[in-house]
2 protein chains.
Amino acid sequence: MSPWKPARPGDPVAAIDTPALVLDLDAFERNLRRMAQALAGSGVRLRAHAKSHKCPEIARLQMAHGAVGICCQKVGEAAVFVDAGIPDVLVTNQVVGEAKVRRLAQLARRARIGVLADHPEQVRAYAAAARAAGAELDVYVEVDVGAGRCGVAPGEEAVRLALQIADSAPLRFAGLQCYHGPAQHLRQPHERQAAIASATALARATRDAIVARGLEVPRITGAGTGTFVHERDSGVFDELQAGSYVFLDADYGANEAGAGDVAFEHALFVRTAVLSHATPTRAVVDAGLKASSVDSGLPRVWQRPGLRYVKAADEHGTLAVDEGTTVALGETLLLVPGHCDPTVNLYDDLVCIRGDVVEAVWPIAARGALL
Amino acid sequence: MSPWKPARPGDPVAAIDTPALVLDLDAFERNLRRMAQALAGSGVRLRAHAKSHKCPEIARLQMAHGAVGICCQKVGEAAVFVDAGIPDVLVTNQVVGEAKVRRLAQLARRARIGVLADHPEQVRAYAAAARAAGAELDVYVEVDVGAGRCGVAPGEEAVRLALQIADSAPLRFAGLQCYHGPAQHLRQPHERQAAIASATALARATRDAIVARGLEVPRITGAGTGTFVHERDSGVFDELQAGSYVFLDADYGANEAGAGDVAFEHALFVRTAVLSHATPTRAVVDAGLKASSVDSGLPRVWQRPGLRYVKAADEHGTLAVDEGTTVALGETLLLVPGHCDPTVNLYDDLVCIRGDVVEAVWPIAARGALL
């Protein structure tokens, strides 16, 4: 890892070394409040997704703003958050492999832990590990409600798996995972609404089929930053798994807002400096692929007209400089990352600023927790 | 970081946890020898690029196979390698910002350190920092020989900068950086050859223009894994900066080989496991965007016909399963990453295997060294 930190609390923002991952605390806190307000009185709870931030300080603030727990994607992430005192973690993923399942069950001795299943073999492995650990595990059936990735088909296949879980003490059948990932970035509001209407219908029908077999469905969970208002209003979903709302990356920022959508604002930036400006039409910054993930598009230059980020190499970002725009060597800029989750995963530290001052440096404690 | 390691020395390969970054030591060592053989007797030296591997153990083996030193892109990377005992490091980048330049100059008290310039301001800053540190610095003029990123124009602009460096003790004018990045991945051999012929002509003309002003040009450095045979044979280049040759990623593997090219082999893999297989035509593995960078294309499934990696999400990779191919839940696969450099940067450890046994686990010590 880097032998140096990009900043220390109390530093002026101008002194932050580059490239650094920067959180604008005022904007971030407004995003936390906007989510809390959007869910107030709805009867639907937030279970914030921590894969976006991997940072225990943020998880604690989400809990303080009403989240009932967090989601993770990896057992290693879950361990970091349990170690940090988060009492309720759902691993929104299938966990496969003897070592991982054993570790998952051991975590369940220290916190409430949930996990997904979409195959009978997983349920058998979870049950054996939970018994060996002397722990209870919440197990959700993942239903493919349109994402086309993991998950059993809605209806009878989900019913069979739910019944298997309910019969596999010390597992608890906890409900249905009905996440529609691709719907999050449909650009038009009516497209997102239609996708979630369809997902909701499949979730409802599956729930009803399970209830008809005499088994209660404690909760239905899903949703992300792009669609959560629809799951909130569905009458079917109980918990929402939005994560990116705390940061708002460029990809989410490119969604067209619908009438009922919540206006989050960009709070996460890559601070970068111009290291080369050898021709008038081109400048090169010190933030490339290893400083801002480009899987969902290039980063956008923030509030600096006349500059566009046009190409990323490992450690270089090339900016096109419009005619009439001047740039200074060493000048610092902010970039809005294309995709927050894999960008956060590149950094050890989140430099938290308020106004012109660095207020805190938060460890990204679950960075690289791949197992 | 991950609370657990994916493997320990002595473990069977079958016990490596997933996802893990795996180095096939036999293939890797063959690649080291192939490069040494390709340069033997040429009078051209390897200065291996360590941005690809960020791993001191690999740098030491490159030196043992004849490399005269290494390249880095960041001062923080250089510090990791100097700390590890590498005596000669060239930062193939412009370094801008008071803290970074000061650290660079301080490193130059402990090792031979080089750096690039493409602007007079950088030269003034390097000189002031070197004087303050009581250190000497090798400074190269970066010349844009076709890459269109950093670098002054060939000819008179480079001459002026070289003369400025030579007049700025304790800086040493060390030569010309003439790297043609985009040429590395031109798919056809004749395209790569033509691009380097053009770069060579520009490098030669610039060198001759500097020599005509009475200044020696100690060395001309550049090249990468895709083109180094042409720089080797150019009669102009003295040092070669190939890095990816130790691993050979899928993007380099997609280059058509020319008559004189050296056949490196894939030595770097992401070991991954199937975590979901809910439909016959689809399987999902535990290596997504945070386990294999997709900026240069998706990873390729290695030696497992009938499976194709078709989509990456944060923590999921979706495989298309051909008709007639069977896959088991929990089955492990190897992926060849699309782009080795940013993929290596996602991991803390490199699991080194020989045959069926884990021989070593090498820290990727400069992972995340962004500053």
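Everything numeric here is computed off the predicted structure, so don't read it as measured data. (Residues numbered from 1 in each chain as written. Chains lettered and ligands numbered in written order. Predicted model: local features only at pLDDT ≥ 70, side-chain atom pairs only at ≥ 80, totals over all residues. Heavy atoms only, no water.)

Enquirer: Just checking my understanding: could you explain the overall build of chain A for this structure?
Expert: The helix and strand inventory of chain A stands at 10 helices and 17 strands. Relative to the 2.2 N^0.38 estimate, which gives 21 Å for 371 residues, the radius of gyration of chain A is 22 Å and therefore close to what a compact globule would have. Put simply, chain A has 371 residues, and 62% of those count as buried. When contacts within chain A are restricted to residue pairs at least 6 apart in sequence, long-range pairs at least 24 apart make up 69% of them. For chain A, the exposed area adds up to about 12,600 Å²; of that, 51% sits on carbon and sulfur atoms. Across chain A, 38 positive and 43 negative side-chain charges occur, with their mean positions spaced 3 Å apart. (Helix = DSSP H or I, 4+ residues; strand = E, 2+ residues; numbered from the N terminus. Rg over C-alpha atoms; globule rule 2.2 N^0.38 Å. Buried < 20%, exposed > 50% of the residue type's maximum accessible area, 1.4 Å probe, protein only. Contact = heavy atoms within 4.5 Å. Areas by Shrake-Rupley, 256 points an atom, 1.4 Å probe, with all protein chains shown as cover. Lys, Arg positive; Asp, Glu negative; His and termini not counted. Charge placed at Lys NZ, Arg CZ, Asp CG, Glu CD.)

Enquirer: Explanation requested: the relation of the copies chain A and chain B in the structure shown.
Expert: Two copies of one chain are present, and they are related through a rotation about an axis combined with an axial shift. By a simple turn and slide, chain A fits onto chain B: the slide is 0.0 Å along the axis, the RMSD is 0.0 Å, and the turn is 180 degrees. Such a combination of rotation and displacement between the chain copies is what one expects of a two-fold axis. Minimal C-alpha distance to the rotation axis in chain A is attained by A:Asp295, lying at 3.1 Å. Here 100% of the interface residues in chain A have copies in chain B that are interface residues too; the copies meet face to matching face. (Least-squares fit on C-alpha atoms with pLDDT ≥ 70 in both.)

Enquirer: Teacher, can you tell me more about helix α2 (residues 56–64) of chain A here?
Expert: Every α-helix winds through 3.6 residues per turn, so residues three or four apart in the chain are directed the same way. Here α2(A) has its buried residues at A:Pro56, A:Ile58, A:Ala59 and A:Gln62. Projected down its long axis, α2(A) shows its buried positions confined to an angular sector of 160 degrees, all on one face. (Arc of directions from axis to C-beta.)

Enquirer: Teacher, can you tell me more about helix α3 (residues 75–83) of chain B here?
Expert: Residues and elements named next belong to chain B. The buried fraction of α3 amounts to eight of the nine residues, a majority that puts the element mostly inside the structure. Burial in α3 covers these residues: Val 75, Gly 76, Glu 77, Ala 78, Ala 79, Val 80, Phe 81 and Val 82. Buried residues along α3 sit against α2 (56–64), β3 (69–72), β4 (88–94), α4 (98–107) and β5 (112–117).

Enquirer: What exactly am I supposed to notice about the interface of chain A and chain B here?
Expert: Put simply, an interface is often sized by how much accessible area is lost when its parts join up. Each partner contributes residues to the interface: chain A has 68 residues there, and chain B has 69 residues. Roughly 5,600 Å² is buried in total at the junction of chain A and chain B, and carbon and sulfur atoms are behind 56% of that figure. Linking chain A to chain B there are 12 salt bridges. Among the salt bridges present, the one from A:Asp17 reaches B:Arg103, with a minimum N-O distance of 2.9 Å. With five residues, the top contributor of residues to the side of chain A that touches chain B is helix α3 (residues 75–83) of chain A. Residues that form the side of chain A that touches chain B fall into these classes: 28 nonpolar, 17 polar and 23 charged. (Buried area = accessible area lost by both parts, 1.4 Å probe. Salt bridge = Lys/Arg side-chain N within 4 Å of Asp/Glu carboxyl O. Nonpolar A, V, L, I, M, F, W, Y, C, P; charged D, E, K, R; others polar.)

Enquirer: Help me understand the sheet that holds strand β7 (residues 171–177) of chain A in this model?
Expert: Strand pairing within a sheet occurs via backbone hydrogen bonds; the two strands may be parallel or antiparallel. Residues and elements named next belong to chain A. Taking strand neighbours around the barrel as the criterion, the eight strands line up as β2-β3-β4-β5-β6-β7-β8-β9 in a closed arrangement whose pairing is parallel. In this structure, strand β8 (residues 219–222) lies alongside strand β9 (residues 239–240), joined through two bridges in parallel fashion. Note on β9: the bridge partner recorded for Gly 222 is Leu 240. The strands touched by helix α5 (residues 120–133) are β4 (88–94), β5 (112–117), β6 (137–142) and β7; relative to β5, the strand with the most contacts, the crossing angle is about 155 degrees. Sheet contacts for helix α7 (residues 189–212): β7 and β8; angle to β7, the most-contacted strand, approximately 150 degrees. (Pairing = 2+ DSSP bridges. Axes fitted to C-alpha atoms, helices over the stretch in contact; angles between N-to-C directions.)

Enquirer: Sorry, what's going on with the sheet that holds β3(B) here?
Expert: Residue and element names in this part refer to chain B. In space, the eight strands of this closed barrel follow the order β2-β3-β4-β5-β6-β7-β8-β9, with parallel pairing throughout. Across three bridges, the pairing between β3 and β4 is parallel. Across the sheet, the residue bridging to Ile 70 is Val 89, located in β4.

Enquirer: Would you explain the state of the cysteines in this entry?
Expert: Two cysteines, two sulfur atoms, one covalent bond between them: this is a disulfide. For the coordinates displayed, the defined rule picks out zero disulfides over all chains. Considering cysteine sulfurs only, A:Cys72 is the nearest to A:Cys71, which forms no disulfide, with 7.7 Å between them. For B:Cys352, which is in no disulfide, the shortest distance to another cysteine sulfur is to B:Cys55 and amounts to 6.9 Å. A relative accessible area of 0% places B:Cys352 in the buried class. (Disulfide = S-S within 2.5 Å.)

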